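Inside the fold
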Amino acid sequence: MTDRYDLIIVGTGFASSFFLKSYLEKAGTNKKVLVLERGKFHPYTERLALKRGQKRFQIKKAGQTYSSDVDKIWVFDPNFGGSSNCWTGCTPRFLPNDFKIKSLYGVGQDWPISYDDIEPYYNEVENIMAISGPEQTPFPKKGPYPLPAHQLSTVDRLLQSKYGDKYISQPTARASRTVGERGACCSSSVCDLCPVNSKFTIENGLGYIYEDPRVTVKYEAQVIGLDTQENLAKSVHYVQENTEKKADGETIVLGANAVFNAHILLNSGDSNLNTGTGICEQVGVFARLYYNDLDNVGGSSIISANGYMMYDGEHRKNYAGCIIESFNTPFVRNEAGKWRKLSIFKFIYEDLPQQENKIVLSDDERKPKVVYNSHSDYAQRGIARLPEDINKYFGFLPIEKVEIDDYSQKTEFHVCSTTKMGLTSDDSVIDKNMVHHKYRNVLVLGSSSYPSITPANPTLTLSALSLRAAEKYLA
Amino acid sequence: MTGKTGKISRRKFLWIALLTVIAAVIGTVAILDFNTVVIKMLKHDLAHLKVDETSYETFVREAEQKQHWQGKFFDWKKRQLVRFSYMVDAILPSFPYKYKYLQYRSDIVGDFLLSTDFFINKMDRDKTVTYIGLYNPYLRPCSNPFSNLYYPQKV
């Protein structure tokens, strides 16, 4: 005998939780919801005790959950709250042009929705997360952010004076003021677990939805695949305590990350050729700017600003757009009296999903395999221009020396594009409302849906997409 | 040495010199573990400050006890790069990844200073710098000395 539910949700990260929040608000009081979480619930207080050396226990890491034959790593947190446990809380919106990169610049793939379609949901997520942000932004925005912006550093202020709304205090889920049980961010710069619980997490922001009487949460329950019949999914197979179990669902929502959403579909026999292909993320490169006579002080939060000077424009026809992050960690310059005559910037380039980078099945049905060659030439062409671009955009500062890493970071902590959204199954896996092209009662959420990934951090957008998906599905 | 003249050839001399340098580096690396290198670097780089002599040892000991270096700040690979580069730096004016070595060296010096009262004393060079405890933002949050809390924006 199997359990039967109105809704079965896979995962408890941003994508699942924002969908569930909206669903519970709109669905009837008699609904029955099952949430299957592959990991455990490690409360904030326990994680904090671990960091303080007051407790000892193991938290399962992402790398233990999939196999890969290359040096590339994909980072996420396979436990309750998903990547909200390890994210830094950066929440820039995408730009309107990000949604039509093929039409405008002839590269990648357009989204089946526009900026205007998602704009109301951006507002809603920003309110739920209590985002701190500036008054002027490079993207259209109706109304102010819920919390005031973080303070720019002395160097940031010079850059903002020159570039206006293309250089802004970073919009962020690291609260600039105390809000609810969240403290005010005080630049401790260890955001994977904030010492003052300033950062929005599923636990501190949406934990209450999992206490709703309609919801049953099963932990350490890894979903393997779906039973499908014609154009519907009937049930979910999962493993709990080494036993395979099954639950029937009217609607099934995959809210795992881009590795596991694709893997579950592949395990279910999804024959769409796009399923699993295109895994990618942004590519980040650090640069240090040493100044002759300029102290870089006074910024607040771990990343004080975002630069958009290299983000959007005609150059995207030839090479990748880039968002800039101004770091405010307590780094020093190892020279007497010049302790802070230094900036550290991270230049983060968009990548294009490539067919040959993909999720495939392995011999172990519980472990997907990631096949990844490298990021695109498009991204690499952007990176190759960095010395020239730093000179162009930062050259007016009193720079003594520039050091650019001659390698990119192993990860940007964003896994994207393995179940892309689009108009037809020829170029995508799900439709504009995130419903699978074939299995019409299956929704696939999260950044796996991104047809193009943009230079910006994905979390705000994927959360907004989840709110939109719930509303459209229940309409 | 050549049989006839009693002089060594230029090629042989270069080989002997190279092998001597390699032997010296290997010998030194074997002797100088990472903690010893850290102390030497700190003493050299902070010679312009009045640092309480016991601070260096205490810092290194506590870092070892609390597995500070093994954490994300300095993994094994980075520590070895610092060790080798420290030796090579004494011999060669330039070498691959020297810039990265100097960045890591800055990180170590910064980490040490954050573990002292140097920033609490507003970077006053005349005051003795004393170790106050390994820098851990979870035990001492809000202590980023360059943040807005210490440099509030003037309105």
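One numbering rule holds for all chains: residues counted from 1, following each sequence as written. To label them, take the chains in the order written and letter them from A, then take the ligands in the order written and number them from 1. At least 70 in pLDDT is required for a residue's local features to be given in this predicted model, at least 80 for side-chain atom pairs to be given and counted, and no such filter applies to totals for whole chains, interfaces and linings, which use all residues. Only hydrogens and water are set aside; all other atoms, that is, all heavy atoms of the structure, feed into the side-chain values.

This brings us to the overall build of chain B. Helix and strand counts for chain B stand at five helices and zero strands. For chain B, the succession of helices and strands along the chain, N to C, is α-α-α-α-α. Summarising its shape, the C-alpha atoms of chain B cover approximately 85 × 35 × 30 Å along the three principal directions. Throughout, exposure labels follow a simple rule: accessible area from a 1.4 Å probe, protein chains only, divided by the maximum for the residue type, with under 20% read as buried, over 50% as exposed, and the rest as partly exposed. Here chain B holds 155 residues, and the buried ones make up 43% of them. Within chain B, counting contacts between residues at least 6 apart in sequence, those at least 24 apart form 58% of the total. Note on areas: these come from Shrake-Rupley sampling with a 1.4 Å probe, and a residue is covered only by the protein chains present in the view. If you sum the accessible surface of chain B, you get close to 9300 Å²; carbon and sulfur atoms cover 61% of it. Numbered from the N terminus, helices here are DSSP runs of H or I no shorter than four residues, and strands are runs of E no shorter than two. Every residue pair with non-hydrogen atoms within 4.5 Å of one another is taken to be in contact.

Turning our attention to the sheet that holds strand E4 (residues 167-169) of chain A. All names here are of chain A. Here six strands make up an open sheet; going across it, the order is E4-E10-E11-E12-E9-E15 and the pairing antiparallel. The open sheet is flanked by E4 and strand E15 (399-404), the only strands paired with a single partner. Direction aside, the axes of adjacent strands within the sheet are offset by 25° on average. Strands were regarded as paired on the criterion that DSSP finds at least two bridges between them. To define axes, lines are fitted to C-alpha atoms, for helices over the stretch in contact only, and angles between the resulting N-to-C directions are given on a 0 to 180 degree scale.

Let us look at unusual backbone geometry. Residues and elements named next belong to chain B. At Tyr 97, a residue that is not glycine, the phi angle is positive and equals roughly 65°. Topologically, Tyr 97 is positioned in the loop between helix H4 (76-91) and helix H5 (98-114). Among the residues examined, Tyr 97 registers a relative accessible area of 41% and is labelled partly exposed.

It is worth spelling out the interface of chain B and chain A at this point. Counting residues at the interface gives 36 residues for chain B and 35 residues for chain A. Each of two parts loses accessible area, computed with a 1.4 Å probe, when they are put together; buried area is these two losses added. Contact with chain A buries area across many residues of chain B, yet Tyr 99, Tyr 138 and Phe 146 of chain B alone supply 27% of it, more than any other trio. Think of a salt bridge as a Lys or Arg side-chain nitrogen and an Asp or Glu carboxyl oxygen that are within 4 Å of each other. Taken together, the links from chain B to chain A amount to two salt bridges. Here Asp 107 of chain B and Arg 288 of chain A are joined by a salt bridge, their closest N and O atoms 3.8 Å apart. Contacts described as polar in this section are N or O atom pairs within 3.5 Å, which, within protein, must combine one atom able to donate a hydrogen with one able to accept it, while residues neighboring in sequence count only if both atoms come from side chains. Summed over the shared surface of chain B and chain A, the number is 16 residue pairs in polar contact (both at pLDDT 80 or more). Three categories are distinguished: nonpolar for Ala, Val, Leu, Ile, Met, Phe, Trp, Tyr, Cys and Pro, charged for Asp, Glu, Lys and Arg, and polar for the others, with Gly belonging to the last. Taken together, the residues of the side of chain B that touches chain A break down into 22 nonpolar, nine polar and five charged.

Next up on the list: the confidence of the model for chain B. Each residue gets a pLDDT score, which is the predictor's confidence in that residue and runs from 0 to 100. Averaged over all residues, the pLDDT of chain B equals 88, while 92% of them reach at least 70. Complex prediction metrics read pTM 0.94 and ipTM 0.90.

Residue and element names in this part refer to chain A. Spatially, three strands are ordered E3-E14-E13 in an open sheet, and the strand pairing comes out mixed. Whereas interior strands pair on both sides, the edge strands pair on one side only; in this sheet they are strand E3 (67-68) and strand E13 (358-360). The sheet contact formed by E13 and strand E14 (residues 369-371) spans three bridges and is antiparallel. Paired with Lys 358 across the two strands is Val 371, which belongs to E14. Where helix H7 (residues 258-267) meets the sheet, it contacts E13 and E14, and its direction lies at approximately 45° from that of E13.

Glancing now at a negative patch on the surface. Taken together, Glu 244, Asp 363, Asp 364 and Glu 365 of chain A make up a surface patch of like negative charges. Inspection of the secondary structure puts Glu 365 of chain A in the loop between E13 and E14. Each patch groups residues whose relative accessible area exceeds 30% and which form no salt bridge, using 9 Å between like charges and 5 Å between nonpolar side chains of Val, Leu, Ile, Met, Phe, Trp and Tyr. Two residue types count as positive, namely Lys and Arg, and two as negative, namely Asp and Glu; His and chain ends fall outside the count. We put the charge of a Lys on NZ, of an Arg on CZ, of an Asp on CG and of a Glu on CD.

A covalent bond between the sulfur atoms of two cysteines is what we call a disulfide. Sulfur atoms of two cysteines make up a disulfide when they are within 2.5 Å. By the definition in use, this model includes one disulfide over all chains. Between the sulfur atoms of Cys 186 of chain A and its disulfide mate Cys 142 of chain B the distance is 2.1 Å. Disulfide Cys 186 of chain A-Cys 142 of chain B: the torsion about the S-S bond is -65°, which places it as left-handed. With Cys 186 of chain A in the loop between E4 and helix H6 (202-206) and Cys 142 of chain B in the segment after H5, the pair connects residues from two separate chains. With no disulfide partner, Cys 322 of chain A has as its closest neighbouring cysteine sulfur the one in Cys 90 of chain A, 14 Å distant.

Where two aromatic rings form a pair, the distance of their centres and the angle of their planes describe that pair. We call Phe, Tyr and Trp rings a pair once their centres come within 6.5 Å, taking the six-membered ring for Trp, and we label the pair stacked below 30 degrees between planes, edge-to-face above 60, and tilted otherwise. By the definition in use, this model includes 38 aromatic pairs over all chains. The lysine or arginine in question, Lys 162 of chain A, covers the ring of Phe 396 of chain A, its NZ or CZ lying 5.1 Å from the ring centre. In this structure, Lys 78 of chain B is placed above the aromatic ring of Phe 74 of chain B, and the distance from its NZ or CZ to the ring centre is 5.3 Å. The rule is short: NZ of Lys or CZ of Arg within 6 Å of the ring centre and within 35 degrees of the ring normal puts a charge over the ring.

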